[in-house]
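Read off the chains here:
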Amino acid sequence: MKKFGKKILAGIVAATMALGLVACGGGAADTADTADTSGGDTAAESSSSGEKIKVGIINNDPNESGYRTANDKDLKAMFCEANGYDASFAYSLKNDEQITAAQKFIQDGVDYLLLSAADTSGWDSVLKDAQDAGIQVILFDRTIDADESLYVASIVSDMDKEGETAANWLKDQNLSEYNIIHLQGVMGSAAQQGRSGALDTLAKENGWKIVTQQTAEWNAEKAQQIVQSVIDSGESFNVIYAENDDMAKGAVEALDKANISHGVGKDVVVMGFDCNKWALEELLAKNWNYDGQCNPFQASYIDEVIKKLEKGESIGEKVIIMEEKGFDASTITQEDVDNYGI
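No experiment lies behind these values; they were computed from the predicted model shown. (Residues numbered from 1 in each chain as written. Predicted model: local features only at pLDDT ≥ 70, side-chain atom pairs only at ≥ 80, totals over all residues. Heavy atoms only, no water.)

Q: Whenever I open this one, the overall build of the protein confuses me. Can you help?
A: When you go through the protein residue by residue, the secondary structure sums to eleven helices and 13 strands. Out of the 342 residues in the protein, the part that is buried amounts to 52%. Total accessible area on the protein stands at roughly 14,500 Å², and carbon and sulfur atoms take up 47% of it. (Helix = DSSP H or I, 4+ residues; strand = E, 2+ residues; numbered from the N terminus. Buried < 20%, exposed > 50% of the residue type's maximum accessible area, 1.4 Å probe, protein only. Areas by Shrake-Rupley, 256 points an atom, 1.4 Å probe, with all protein chains shown as cover.)

The following block contains the structure:
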């Protein structure tokens, strides 16, 4: 049986380790937790021994953004005792800390390791360790640069497509000139790479000017500081391309402070990603111009994969891409806000 070896290892390690993971420290709330026992719409199959299915879930800081908060809430609702799971959570925006968490989950003898990587690189070794221990790895939310044999499934958004949809929308606005403040997410993440890459490509092809291109690490306050520094420099700009809604919000705060108009028919085009409900309401009010959807609700997809694996069934396609769209302030409706806002 696939779980025999690691169950022995788990028993040895359990005697010497405290339950859960210790926070690694550093700016974000890098903590570990155990899922609560309420919520969840779908009951999972128990393991063949009748025990709860043990999962270790590695995610980015839930306070990073509204998207991440919704993502974490969705996972905790699904991977709870009521649904047949024994789940532990670890959070960090730093790749090395996530890898350390993964190593501890492997030592704990989890059945499944669920991973939303902070960075796309550096995962081969620890995932090989998981494979050797009989632990199956499922990626969610973000892709990684690793051999596909090291994970059993990847439930993700198409970040490249998200970026292409947004950049093509911007091109279609046919502005008289393009002077762009580009606010990037955490460098190296799949979301940053996909959303940056498309803009970089079209900017080069069409001669757009990137006034500044800096990471604000998904943070509104850092984004506000970057935009404020451009305003103070006197450099001309007419587009804010922010790789998440929180950074767009911070950028707008700097614009408002400087009495610079923004939105439909105004001085500055504002673009965000993630489709937080409050962000879509800004589109509806025509204060922003565009928001790209990024679906945070992957838990039911992961649960279905685990059910099939527990039954020894094929999961079909290894990479599961969720459908997403972009919203334009000139066409968005209240129904869109209600249906797609997170």
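Q: Looking at this structure, how should I read the pairing of strand β4 (residues 112-115)?
A: Within a regular beta strand, the side chains point alternately toward one face of the sheet and then the other, so they alternate between its two faces. Burial along β4 is two-sided: Y112 and L114 and L113 and L115, pointing in opposite directions, are all buried. The pairing of strand β2 (residues 53-59) with β4 spans four bridges and is classified as parallel. Counterpart to G56 in the pairing with β4 is L113. In this region the chain leaves β4, passes through helix α4 (residues 124-132) and returns to the parallel neighbour strand β5 (residues 136-141); the handedness of that crossover is right-handed. (Pairing = 2+ DSSP bridges. Right-handed = clockwise from strand over helix to strand, strands pointing away.)

Q: Looking at this structure, how should I read the state of the cysteines?
A: One covalent bond between the sulfur atoms of two cysteine residues makes up a disulfide. What the rule picks out here adds up to zero disulfides. Looking at C275, it has no disulfide partner, and the nearest cysteine sulfur is the one in C294, 8.8 Å off. (Disulfide = S-S within 2.5 Å.)

Q: Sorry if this is basic, but what is going on with the side chain of S196 here?
A: One can find S196 in helix α6 (residues 190-206). With a relative accessible area of 2%, S196 lands in the buried category. Setting aside anything within four residues of it in sequence, one finds S196 in contact with H182, Q184 and E243. (Contact = heavy atoms within 4.5 Å.)

Q: Looking at this model, I keep getting lost on the nonpolar core. Mind explaining?
A: The nonpolar side chains of a soluble globular protein tend to be buried with one another. By size, the foremost hydrophobic cluster in this structure holds 36 residues, and its most contacted members are L183, V227, F237, I240 and L255. Elements with a minimum of two residues in this core: β7 (179-184), α6, α7 (220-233), β9 (239-242), α8 (245-257) and α9 (277-284). For this core, the element with the most residues is α8, which contributes six residues. Non-local contacts of L183, meaning those with residues more than four positions away in its chain, are made with Q214, A223, I226, V227, I240, Y241, A242, E243, M247 and A251. In this structure, V55, V152, A299 and I302 belong to the second largest nonpolar core, which totals 24 residues. (Core = buried A, V, L, I, M, F, W, Y, C linked by side-chain atoms within 4.5 Å.)

Q: Would you mind going over α4 with me for this structure?
A: Since the α-helix advances by 3.6 residues per turn, residues separated by three or four positions end up pointing in the same direction. Inspection of α4 places V126, L127 and A130 among the buried residues, and these make up the whole buried set. Across the axial projection of α4, the buried residues extend over an arc of 100°, all falling on one side. Away from the buried face of α4 by more than 90 degrees, exposed residues S125 and D132 are located. Along its buried surface, α4 packs onto α3 (95-108), β4 and β5. Phi turns positive one or two residues past the end of α4, at G134, with a value near 80°. (Arc of directions from axis to C-beta.)

Q: Got a minute to help me understand the sheet that holds strand β13 (residues 326-328) in this structure?
A: Strand pairing in a sheet relies on backbone hydrogen bonds, with the paired strands running either antiparallel or parallel. With mixed pairing, the six strands of this open sheet are ordered in space as β8-β7-β9-β10-β11-β13. Only two strands of the sheet have a single neighbouring strand rather than two, namely β8 (209-215) and β13. Across the sheet, the mean angle from the axis of one strand to that of its neighbour is 15°, orientation sign disregarded. Note: β7 against β9, four bridges, orientation parallel. Its bridge partner lying in β9, I180 is registered against V239. Contacts between helix α5 (residues 159-172) and the sheet are confined to β7, β9, β10 (269-274), β11 (290-293) and β13, with β10 contributing the most and set at about 165° to the helix. Set on the sheet, α9 makes contact with β11 and β13; between it and β11 the angle comes to about 145°. (Axes fitted to C-alpha atoms, helices over the stretch in contact; angles between N-to-C directions.)

Q: Which parts of the structure should I look at to understand the pattern of salt bridges?
A: Side chains that differ in charge, positive against negative, can pair when their charged atoms come close. Taken as a whole and assessed by the stated rule, the structure comprises eleven salt bridges. Across the salt bridge formed by K307 and D303, the nearest N and O atoms sit 3.6 Å from each other. Residue K307 and its partner D303 are both found in helix α10 (residues 299-310); the two are separated by four residues, about one turn of the helix. Owing to a relative accessible area of 15%, K307 belongs among the buried residues under this scheme. We classify D303 as buried; its relative accessible area is 1%. (Salt bridge = Lys/Arg side-chain N within 4 Å of Asp/Glu carboxyl O.)

Q: Just checking my understanding: could you explain the environment of A90 for this structure?
A: Structurally, A90 is set in strand β3 (residues 85-91). Sequence separation between A90 and N60 is 30 residues; the distance between their C-alpha atoms is 8.3 Å.

Q: What should I look at first to understand the packing of aromatic side chains in this one?
A: Within a pair of aromatic rings, the relevant descriptors are the distance that separates the centres and the angle that separates the planes. On inspection of all chains with the given rule, the structure shows eight aromatic pairs. Residues F89 and Y91 carry aromatic rings whose centres are separated by 6.3 Å and whose planes lie at 20° to one another, so their mutual orientation is stacked. Here F89 matches Y91 in class, with each residue buried. Put simply, the rings of W169, Y241, F273 and Y290 pair up and form one aromatic cluster. Here K76 stacks its cationic end above the ring of F89, 5.5 Å away from the centre of that ring. Taking NZ or CZ as reference, K249 lies 5.1 Å from the ring centre of W278, over its face. (Phe/Tyr/Trp six-rings, centres within 6.5 Å; stacked < 30°, edge-to-face > 60°. Lys NZ or Arg CZ within 6 Å of the ring centre and 35° of its normal.)

Q: What is the right way to look at the packing of α3 against α4 in this model?
A: When two helices pack together, their arrangement is given by the angle between the helix axes and by the axis-to-axis distance. Contact pair α3 / α4: the axes reach a minimum separation of 10 Å and the direction vectors enclose 10°. The angle between the axes of α3 and α4 places the two elements in the roughly parallel class. On α4, the residues that touch I99, A102, Q103 and I106 of α3 are V126, D129 and A130. Residues belonging to the contact of α3 with α4 are distributed by class as follows: five nonpolar, one polar and one charged. (Parallel < 35°, antiparallel > 145°, perpendicular 65-115°, else oblique. Nonpolar A, V, L, I, M, F, W, Y, C, P; charged D, E, K, R; others polar.)

No statement about biological role is implied by the geometric values presented.
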